[in-house]
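Now for the letters of each chain:
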Amino acid sequence: MSSRAETRGAGLDSLKLGGAAFLLVGGILAFYYFSGVSTLLRVIALLVISGGAAAIAFQTERGRALWQFISDSRMEVRKVVWPSRQETLQTTLVVVVMVLLLGIVLWLFDMMLMSILRFLTGQGG
């Protein structure tokens, strides 16, 4: 008996998702079909239709799970301790200096190896 209810719920969810997709595609097609109408009105209508499609999609099990994930993500972002402007600038400066130093060291090492190779092959003049 419960498996029948789960199948019916899943079928209803699929129907809702299909309806939301149909509404969204219809809104996009209408946006281009009514190209003679003001762009502002077409964009507003498309946003309203997209919002309606999203509202329908969020009524499904997957939609509720997605909304829960978004809510949890926002809560985690609020917990992050973001660096100050001074910390960011100092860290960036350290990275730039280290990249330059490593670049110079690798360039000198390459020149040394090239000199040794030229000496061994007799191409150094």
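For the protein chain, the name recorded in an unreviewed UniProt entry is Protein translocase subunit SecE, with Allochromatium humboldtianum as its organism. Recorded in UniProt for the protein chain, the comment headed Subcellular location (unreviewed entry) runs: "Membrane". Taken from UniProt, the Sequence similarities (unreviewed entry) comment for the protein chain reads in full: "Belongs to the SecE/SEC61-gamma family."

*Asks:* An account of the UniProt feature "transmembrane region" (unreviewed entry) in the protein chain is requested, with residue identities and associated values reported.
*Replies:* When the UniProt feature table is mapped to this numbering, "transmembrane region" (unreviewed entry) covers residues 12–34, 40–58 and 88–109. Helix makes up 95% of residues 40–58 and strand 0%, and the two end C-alpha atoms of the span are 27 Å apart.

*Asks:* Give a description of the packing of aromatic side chains that names residues and reports values.
*Replies:* Tallied over the entire structure, the rule returns three aromatic pairs. Seen in terms of ring centroids, Y33 and F34 are 5.0 Å apart; in terms of plane orientation they differ by 85°. Their pairing is edge-to-face. On the basis of relative accessible area, Y33 is assigned to the exposed category, the value being 66%. Judged by its relative accessible area of 44%, F34 is partly exposed. With a centroid separation of 5.3 Å and 65° between ring planes, the pair formed by F58 and W67 is classed as edge-to-face.

*Asks:* Talk me through the side chain of D13; I want residue IDs and the actual numbers.
*Replies:* Tracing the backbone shows D13 in helix α1 (residues 2–33). As a buried residue without a salt bridge, D13 has its nearest oppositely charged side chain in K16, at a separation of 4.7 Å. Only 3.1 Å separates the side chain of D13 from the backbone nitrogen of E61, close enough to count as a polar contact. For D13, the contacting residues outside a window of four places in its chain are Q59, T60 and E61.

*Asks:* I'd love a proper account of the pattern of salt bridges, names of residues and values included.
*Replies:* Overall, the coordinates contain two salt bridges when judged by the stated rule. The partner of K79 in a salt bridge is E76, and the shortest N-O contact between them spans 3.3 Å. Here K79 and its partner E76 are both found in helix α3 (residues 61–79), three residues apart, which amounts to about one turn of the helix. For K79, a relative accessible area of 54% puts it in the exposed group.

*Asks:* Run through the domain arrangement of the protein chain, naming residues and quoting values.
*Replies:* In terms of domains, the protein chain is made up of domain 1 (1–80) and domain 2 (83–124). Centre-to-centre, using C-alpha coordinates, domain 1 lies 52 Å away from domain 2.

*Asks:* Any chance you could break down the confidence of the model for the protein chain for me, citing the residues and the numbers?
*Replies:* In regions of low pLDDT, the predicted coordinates are not meant to be interpreted in detail. Per-chain confidence: the protein chain averages 90 in pLDDT, with 91% of residues scoring 70 or above. Of all helices and strands in the protein chain, the one with the weakest mean pLDDT is α1 (82), whereas helix α4 (residues 85–121) scores best (96).

About the criteria used
- Residues numbered from 1 in each chain as written.
- Predicted model: local features only at pLDDT ≥ 70, side-chain atom pairs only at ≥ 80, totals over all residues.
- Heavy atoms only, no water.
- UniProt positions renumbered as here; feature names shortened; annotations may be inferred.
- Helix = DSSP H or I, 4+ residues; strand = E, 2+ residues; numbered from the N terminus.
- Phe/Tyr/Trp six-rings, centres within 6.5 Å; stacked < 30°, edge-to-face > 60°.
- Buried < 20%, exposed > 50% of the residue type's maximum accessible area, 1.4 Å probe, protein only.
- Lys, Arg positive; Asp, Glu negative; His and termini not counted.
- Salt bridge = Lys/Arg side-chain N within 4 Å of Asp/Glu carboxyl O.
- Polar contact = N/O pair within 3.5 Å; in protein donor to acceptor, adjacent residues only side chain to side chain.
- Contact = heavy atoms within 4.5 Å.
- Domains from an automatic or database assignment.
- pLDDT = per-residue confidence, 0-100.

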